[in-house]
Amino acid sequence: MKRILFAFVMCISFFGYSQNNQFKKAWAKIDTLEVNKKIESALAQTDALIRKAGSKKDYNTLLRGKIYRWKFIQLIEENSNNRILAEVNETIGELPYPHNSILETYKAKWLYDYYEQNRWKISNRAQDDIKDKDDINTWDITYLLEQIRKSYRAALQDSERLLQYPLEDFEPILTTAVINRKYRPTLYDLIAHESLAFYDNNFNYVTKPKELYRLNNPRLFAETPQFLDLDLTSNDSIYSKINALKAYQSLEKTNLNGDEPVYVHNVLERLKFVYANYQGKNTWPLYEAALKNLAKKYENKGTAAMVLLELATQYNRKGGVKMDDKNMDEAPYTREEINRLKKIKNGKYLLKYPDYHRRALTLVEQVIKEYPSTAFTQQAAALKKELTNPTLSIRSSKAVASNQAIRFFTEYKAMDSLYLSVYKIEEDQPANIHFKSIQDSSLQAILKRKPVYAGNFFLPKGDDLNNHSTELMIPGLDLGSYFIYATSPKMWPQDKFNYFTLKVTDIDGVIMTFNDTERIIVADRKSGKPIENLEVATFRNFPMQSSNLLFKGYTDAQGEIPVPKYHNIKRVPTITLQKEGDTTEIIEYASPQYHRDDDGRSLDSISKSLVYIDRAIYRPGQKVYFKGVLLLHYNDTTSVVPNEYVTVYVDDANGNEIQEIRLKTNEYGSVSGEFTLPKTTMTGDFDIYVDEDYEEDSVFWDTAWDFDYQTTSFKVEEYKRPTFEVAFDEIKETYTPGDSVTIHGGATSFMG
């Protein structure tokens, strides 16, 4: 019973909160009683208001009062669905037109919400011919869906009359989004679109008849006269999309000679619907032609903007579609170009629509220039920004041989040139380099150095707004570590750049793993010959110094050396290889091997961190208070870990790190702290987590076999004035496990 209450809450929100002034005090009293949990008194006041509204023939207030009544009944009575269903049907018979059509709509929405919440339970009910129409608990899915369809049909049965009722006449009981109000000006438009939301359902979990209406007639994309001439008949009454098509036919017919924006909006919605569900051939060419035709018909009028924006959106979506064996013949390329791409792209062929991003840009610029006062200009500007936003990614092998030309694989969009510079850096820098902004002092310190190489590169086809890739080549470098920095004039306004580190070494090593040892094989990167007498050292953690040294030895004549495994260490992060001024590293993560004693108890130490914050949502610029705890699971026992350093990280909605806080756990294994969100930060879902500490050596972190950290998410949103507050009463009693606990609370609505 309680689950279906949600449907009536949604109905109340659909009513809105506008009030007839003569009943304003009565509504305020009802709201107060509800907040104070005096539901029976609120119900009594609501019934009194219903009677008074009926005597005055104020059907807007009466209908809203009925919805409140049914909500209160659900709060008071168990299994009240059948009682409410009977009252809804009775009220529909008593209300005058068009309020009975409005209530039919609410009934359909209520039943559909019941279907959504109880779908699995209903699907197990026997589908027989005997139904108790007054007992919703006996309805199977077929019968329930049919009742929803009947309610929508009843609500829309006199469309000509519904068209005579503008929505503003029903402000006290109807609330629709402002952006939709323009395109749903009458009761008919509103109810018809409500029915479409139901008919557009796929009913994936319902057994469907063998013969379903298939959307495969090209005339479904035709102009309104041809679309209205279609004979939409089928034995299938619910499960296909035929009812939605009939609803679109009715909407276009009734608005054909009416409000132009409403009519064009309905035609566009129908075309979108057909495109999404079409099962015939040439779906995209038919849709593209229909959009172009509709835009041309209303060119130089504001209504064309919505059509052009949809066409631009589709061009943008399809601009990245790649060719494959099935559509090669449709693409604007020669067979020679296709065969060449097959060879060099390993199956990643040319773009199927190489000019679509450029077409999309032309259309959004047309909308911005020719229709600046329409509601679609802002959407067009956002799409333009997406299309023209430059992107760059450049990378190479992590290690390359000295004094040999170096290739960089480069992916880019919306840029025709690239500036690349190379800087020599210290051997210990690569592991620590992480820059978020061009203003980062460490980055600026590197860029102020004299580059060992700098050059400009032309990027082919960089102005077509498509994603491209190419290879760049620079001269070879001496042994050492390098910082590669890449940017473009198109990226400068946004302070964007791309970077990575590169190791130049003539040493190449691989690890062969055996039961109790690992054998390292070292060879010259250029000639492939084994390197004899090369120093190999393994370290338990950073930094690579004598206190962290685990093993040290030298390769034999075959360039090989056995290195012991360390089962009690979670990982061996670094193996260094060096000879005659040439140094390189191998980072190895040990495979997890879990150990138990003779009694089956775990001998592996597994640590875990948890983190909590003071609330779930913040505004930019606010302080966030957090608390974390570090736990250790060993010998099947969990305990807290005191006096160990941890690092708290905070990531923004794009996954960029915005905070790094190093803390030490107290005697209870916990840490706490605070940080301030940037005032100019983006909004969205942020993450906070407690990770292990890397700044100094620790026996605990070195011997913990595995580590698992919990990520806690929170939202950052701009300030929104609260519309309600929920508060629970203080719990003054003491309970023991197994007791039933009743918690009282209330919701306060901020109406004024």
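Our structure's up above, just so we're on the same page.
Residues numbered from 1 in each chain as written. Predicted model: local features only at pLDDT ≥ 70, side-chain atom pairs only at ≥ 80, totals over all residues. Heavy atoms only, no water.

Next up on the list: the side chain of Q622. In this structure, Q622 sits in the loop between strand 17 (617-618) and strand 18 (623-634). For Q622, a relative accessible area of 18% gives the class buried. Within the structure, the side chain of Q622 is placed 2.9 Å from the backbone nitrogen of R619, a separation counted as a polar contact. Look past the residues within four positions of Q622 in its chain and what remains in contact with it is R615, F675, T676 and L677. (Helix = DSSP H or I, 4+ residues; strand = E, 2+ residues; numbered from the N terminus. Buried < 20%, exposed > 50% of the residue type's maximum accessible area, 1.4 Å probe, protein only. Polar contact = N/O pair within 3.5 Å; in protein donor to acceptor, adjacent residues only side chain to side chain. Contact = heavy atoms within 4.5 Å.)

So, about the pattern of salt bridges. This model, assessed by the stated rule, comprises 27 salt bridges. In this structure, the salt-bridge partner of E426 is R449, at a minimum N-O distance of 3.4 Å. Placement of E426 in the loop between strand 4 (417-425) and helix 20 (441-447) and of R449 in the loop between helix 20 and strand 5 (453-458) is noted, with a sequence separation of 23 residues between them. For R449, a relative accessible area of 30% translates into the label partly exposed. Look at the salt bridges and you will find they share partners, linking D47, R69, E77, R83 and E87 into a network. (Salt bridge = Lys/Arg side-chain N within 4 Å of Asp/Glu carboxyl O.)

Once that is clear, we can look at the sheet that holds strand 1 (residues 391-395). As summarised here, the arrangement of the three strands in space is 1-3-6, forming an open sheet in which the pairing is antiparallel. Two strands in the sheet have a free side with no partner beyond their single neighbour: strand 1 and strand 6 (468-474). Each strand of the sheet is rotated relative to its neighbour by a mean of 25°, with strand direction disregarded. Bridging between strand 3 (residues 406-413) and strand 6 involves seven bridges; their strand directions are antiparallel. Within strand 6, the position partnered with E411 by the bridge is S469. (Pairing = 2+ DSSP bridges. Axes fitted to C-alpha atoms, helices over the stretch in contact; angles between N-to-C directions.)

Let's shift gears to the packing of helix 6 (residues 99-117) against helix 11 (residues 187-199). Two elements in contact, helix 6 and helix 11, have axes separated by 11 Å at closest approach and are oriented at 15°. It follows from the interaxial angle that helix 6 and helix 11 lie roughly parallel. Relative to helix 11, helix 6 is oriented so that their crossing is left-handed. On helix 11, the residues that touch S101, I102, T105, K109 and Y112 of helix 6 are L187, I191, E194 and F198. Here the residues of the contact of helix 6 with helix 11 sort into five nonpolar, two polar and two charged. (Parallel < 35°, antiparallel > 145°, perpendicular 65-115°, else oblique. Left-handed = near helix turned anticlockwise from the far one by under 90°. Nonpolar A, V, L, I, M, F, W, Y, C, P; charged D, E, K, R; others polar.)

Shape descriptors only; they carry no functional weight alone.
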